[in-house]
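# Report on the structure
Here is how the chains run, residue by residue.
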Amino acid sequence: MNKDKIWLSSPHMGGTEQKFVNEAFEQNWVAPLGPNVNGFEEDLKKYLFDSSSKEGAVAALSSGTAALHLALVMLGIKAGDEVLCQSMTFAASANPIAYQGATPIFIDSEEKTLNLCPKHLRTAIEDRISKGKKPKAIIAVHLYGMPYQVDEINAIAKEFDIPVVEDAAEALGSTYKGERCGTFAEYAVLSFNGNKIITTSGGGALVTKSQSAKEKAVFLATQARDAAPHYQHSEIGYNYRLSNISAGIGRGQMQVVDERVKARREMHEFYVVLFSEIEGVKVHSAPNDDFFSNHWLSVISFNEKKTGGINREDLRLHLEELNIESRPLWKPMHMQPVFKNAPFYGDGVAKRLFENSLCLPSGSNLTQEEKDRIKAGILSCFKEQK
Ligand SMILES: *Cc1c(COP(=O)(O)O)cnc(C)c1O
């Protein structure tokens, strides 16, 4: 099989990125600050908040992971604290808890959104409090672009007075009840890694509720330098700012973000149509009109009793042979060796999704020829079914 590889999700340049990068070179802004950093932050802020009555600010950072870490630092998470975290997610959601010496408490998913289950979240909070320790934060994730149950999660967070960190790394362009993901919590996190909906080659952002919180984040992200002619520090700082070169790529990408979301959603629709002809495979879709997903990745689940015994590994290996990449969902954190001692509250939803589901090629840059190859590949795997 010597056909070109079809990737799950690959970078997709819009055309103007290089202009911003060239400007940075021409003006010698080759540093982790400069006009592109400011411009990119302004673009993101407009995108998130212009259509909303809410206020906020954006700090461009070196990665989504750095943004999550700073969110926990800003919330004062310390060694020995407990932090609640969606179990089914990328390790980057949970690792910053460990950076702070805190303990992650993992929570199961619910079927509708694949995200944080409100019922298990409540059980976990009540149980941790009864054991003598109130959790200090909730990390909720809009997995694969699908918003979590924002109203339910926020209501529980408010009831127990625990701040939420919104991991919107995969959800730029998604909305819940018409408001953009990234605007629902005390702190929200975006990622611009190479495989995300838009990319800066590597980068991220922290979204805050106020300009002063943003300024504090930028202060911490630039080594926490006090106002003094010499280098003076009263707090531990980090080197987490985004490069002005990377931010130039981001400014170009922001000009095409809506087209990228549209193309990903078209890929999802492509799979909905394709699998409507196939028994026993469900394409995960928005539970109702409150949820608008960018469909960063399209996800399918298998019911082996109805597929005639064909399971997700059968399809994954079949596609691999055709040089088409697909991948199981994130392996839940409570099943990871590195977090084997962390408490978990749930009843097996995330584990089952991990075992019976698959992410399919979802890039915004897939050509008609590639879509034809994907379609033919999937149909040939299920041909025995007919
Ligand atoms: C990509 C991702 C991150 C981390 O972002 P980086 O920019 O790669 O550090 C965090 N959480 C989720 C859910 C992600 O998909």
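As the structure is a prediction and not an experimental result, all values here were calculated from the model. (Residues numbered from 1 in each chain as written. Predicted model: local features only at pLDDT ≥ 70, side-chain atom pairs only at ≥ 80, totals over all residues. Heavy atoms only, no water.)

### Re the sheet that holds strand β11 (residues 291–292)
- The strand order across the open sheet formed by 3 strands is β7-β6-β11, and the pairing between neighbours is antiparallel. A strand with exactly one partner marks an edge of an open sheet, and here the two such strands are β7 (179–180) and β11.
- Strand direction decides the pairing type here: strand β6 (residues 175–176) and β11, joined by 2 bridges, are antiparallel. Among the inter-strand pairings, Tyr 176 is bridged to a residue of β11, identified as Phe 291. (Pairing = 2+ DSSP bridges. Helix = DSSP H or I, 4+ residues; strand = E, 2+ residues; numbered from the N terminus.)

### Considering the UniProt feature "modified residue: N6-(pyridoxal phosphate)lysine" (unreviewed entry) in the chain
- UniProt tags Lys 196 as "modified residue: N6-(pyridoxal phosphate)lysine" (unreviewed entry).
- Tracing the sequence through the fold places Lys 196 in the loop between β8 (187–191) and β9 (204–208).
- In this structure Lys 196 comes out as buried when scored by relative accessible area, which is 9%.
- Once residues lying within four places of it in the same chain are set aside, the contact partners of Lys 196 are Ala 169, Glu 170, Ser 191, Arg 264 and Trp 296.
- For Lys 196, the side chain forms a polar contact with the side chain of Ser 191, separated by 3.4 Å. (UniProt positions renumbered as here; feature names shortened; annotations may be inferred. Buried < 20%, exposed > 50% of the residue type's maximum accessible area, 1.4 Å probe, protein only. Contact = heavy atoms within 4.5 Å. Polar contact = N/O pair within 3.5 Å; in protein donor to acceptor, adjacent residues only side chain to side chain.)

### Observations concerning the packing of helix α11 (residues 312–321) against helix α13 (residues 368–381)
- Two elements in contact, α11 and α13, have axes separated by 10 Å at closest approach and are oriented at 135°. Here α11 lies oblique to α13, going by the angle between them. Crossing angle aside, the handedness with which α11 passes α13 is right-handed. Judged by residue contacts, Asp 314, Leu 315, His 318 and Leu 319 of α11 engage Gly 377, Ile 378, Ser 380 and Cys 381 from α13.
- Considered class by class, the residues forming the contact of α11 with α13 number 4 nonpolar, 3 polar and 1 charged. (Axes fitted to C-alpha atoms, helices over the stretch in contact; angles between N-to-C directions. Parallel < 35°, antiparallel > 145°, perpendicular 65-115°, else oblique. Left-handed = near helix turned anticlockwise from the far one by under 90°. Nonpolar A, V, L, I, M, F, W, Y, C, P; charged D, E, K, R; others polar.)

### What to know about the environment of Lys 371
- Position of Lys 371 relative to the elements: it lies in helix α13.
- Under the relative-accessibility criterion, Lys 371 is labelled buried at 19%.
- Sequence separation of Lys 371 and Lys 383 is 12 residues, and the distance between their C-alpha atoms is 18 Å.

### Looking at the site of the ligand
- For the ligand, the set of nearby residues contains 16 residues, the closest of which are Thr 65, Asp 167, Glu 170, Ser 191 and Lys 196.
- Take Asn 193: an N or O atom from its side chain is 2.9 Å from an oxygen atom of the ligand.
- Here Gly 203 contributes a backbone N or O atom positioned 3.5 Å from an oxygen atom of the ligand.
- For the ligand, the accessible surface in isolation is 380 Å², of which the surrounding protein chains cover 94%.
- The greatest single-element share of the shell around the ligand, amounting to 3 residues, is contributed by helix α3 (residues 64–74).
- The class makeup of the residues in the shell around the ligand is 5 nonpolar, 8 polar and 3 charged. (Near = heavy atom within 4 Å. Areas by Shrake-Rupley, 256 points an atom, 1.4 Å probe, with all protein chains shown as cover.)

### Examining the domain arrangement of the chain
- Each assigned domain of the chain is listed with its residue range as follows: domain 1 (17–256) and domain 2 (258–385).
- Here the C-alpha centroids of domain 1 and domain 2 sit 26 Å apart.
- At the junction of the two partners, domain 1 supplies 47 residues and domain 2 supplies 38 residues.
- Of the roughly 3,800 Å² buried between domain 1 and domain 2, counting both surfaces, carbon and sulfur atoms make up 61%.
- Run the count over domain 1 and domain 2 and you get 1 salt bridge.
- The salt bridge involving Glu 111 is made with Arg 352; its shortest N-O contact spans 2.7 Å. (Domains from an automatic or database assignment. Buried area = accessible area lost by both parts, 1.4 Å probe. Salt bridge = Lys/Arg side-chain N within 4 Å of Asp/Glu carboxyl O.)

### Concerning helix α12 (residues 349–356)
- Taken residue by residue, α12 has Val 349, Ala 350, Leu 353 and Phe 354 as its buried positions. Down the axis of α12, the buried set is contained in an arc of 135°. They therefore lie on one face.
- Next to the buried residues of α12 lie β12 (298–302), α11, β13 (327–328) and β15 (357–360). (Arc of directions from axis to C-beta.)

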